Amino acid sequence: TKRVRGVSVFRPFVFGSEARPFDPDNRPEGVPEDHTHQWRVFVKGVDDEDISYWLKKVQFKLHETYAQNVRSIESSPFEVVETGWGEFEIQIKLYFVPESTEKPQTLWHSLKLHPYGADAEGKKERREAVISQNYEEIMFNEPVEQFYEILTGG
Ligand code: SLL
């Protein structure tokens, strides 16, 4: 497969998490006692643009306290919804469409449950949603011709 020499193609995307504390008076059924939040970790296009033409699969690796902590999401939306009690680092592995012949790329995201400053001593617990997301650009250097066409709509 021929590569397109001297060309780099960038694709923007967003990854991150959203967390929301449970209302203590109205907890969803079946959630373990010690869980305090529902959260979501995701990879998506900017303005929810569909990115599945270049992104094939996302593997989210959660903390080992989770059952089946490696979650593979094979189609859009690339996200995992969970509940829990603690913050941790999530490994996010991006797999590209097979035409790309590109190796997977790994990112890390810190799951945030608590609003900034909420853990300061003497502060009353604030119950609010916490969104933590990053804008990122992936660079494909000298993509193979077939992938270049997919990327540029050629
Ligand atoms: C901490 N280092 O101690 C972190 C680990 C792990 C959070 C946090 C498990 C949920 C379940 C969960 O929330 N783990 O039991 O399924 O703060």
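Residues numbered from 1 in each chain as written. Predicted model: local features only at pLDDT ≥ 70, side-chain atom pairs only at ≥ 80, totals over all residues. Heavy atoms only, no water.

Novice: What exactly am I supposed to notice about the overall build of the protein here?
Specialist: What the protein contains, in helices and strands, is 1 helix and 8 strands. Secondary structure elements of the protein occur, N-terminal to C-terminal, as β-β-β-β-β-β-β-β-α. If one aligns the C-alpha atoms of the protein with their principal axes, the spans along those axes are about 60 × 30 × 25 Å. Taking all 154 residues of the protein together, the buried fraction comes to 39%. Considering only intrachain contacts with a sequence separation of at least 6, the fraction spanning at least 24 residues in the protein is 66%. A total of about 9,400 Å² of accessible surface is found on the protein, and carbon and sulfur atoms cover 45% of it. Positive and negative side-chain charges of the protein, numbering 19 and 27 respectively, have mean locations separated by a distance of 4 Å. (Helix = DSSP H or I, 4+ residues; strand = E, 2+ residues; numbered from the N terminus. Buried < 20%, exposed > 50% of the residue type's maximum accessible area, 1.4 Å probe, protein only. Contact = heavy atoms within 4.5 Å. Areas by Shrake-Rupley, 256 points an atom, 1.4 Å probe, with all protein chains shown as cover. Lys, Arg positive; Asp, Glu negative; His and termini not counted. Charge placed at Lys NZ, Arg CZ, Asp CG, Glu CD.)

Novice: Would you mind going over the pattern of salt bridges with me for this structure?
Specialist: Inspection of the entire model under this criterion finds 6 salt bridges. Notably, a salt bridge pairs glutamate 145 with lysine 2, separated by 3.5 Å at the nearest N-O pair. A residue pair is termed long-range when its members are at least 10 positions apart, and glutamate 145 in helix α1 (residues 145-152) and lysine 2 in the segment before β1 (8-21) qualify at 143 residues. We classify glutamate 145 as partly exposed; its relative accessible area is 36%. The class for lysine 2 is exposed, based on a relative accessible area of 59%. Its salt-bridge partner being lysine 44, residue aspartate 48 comes within 3.4 Å of it at the nearest N-O pair. It is possible to trace a salt-bridge network through shared partners that takes in Glu18, Arg40 and Glu79. (Salt bridge = Lys/Arg side-chain N within 4 Å of Asp/Glu carboxyl O.)

Novice: Looking at this structure, I do not really get the sheet that holds strand β4 (residues 70-73). What am I missing?
Specialist: By definition, the strands of a sheet pair up through backbone hydrogen bonds, in either a parallel or an antiparallel sense. Taken in spatial order, the 4 strands of this open sheet run β4-β3-β6-β7, and their pairing is antiparallel. Two strands lie at the open edges of the sheet, namely β4 and β7 (105-110), each paired on one side alone. Across the sheet, the mean angle separating the axes of adjacent strands is 20 degrees when strand polarity is ignored. Taken together, the 6 bridges between strand β6 (residues 89-96) and β7 define a ladder with antiparallel strand orientation. The residue bridging leucine 94 from the neighbouring strand is glutamine 105, located in β7. (Pairing = 2+ DSSP bridges. Axes fitted to C-alpha atoms, helices over the stretch in contact; angles between N-to-C directions.)

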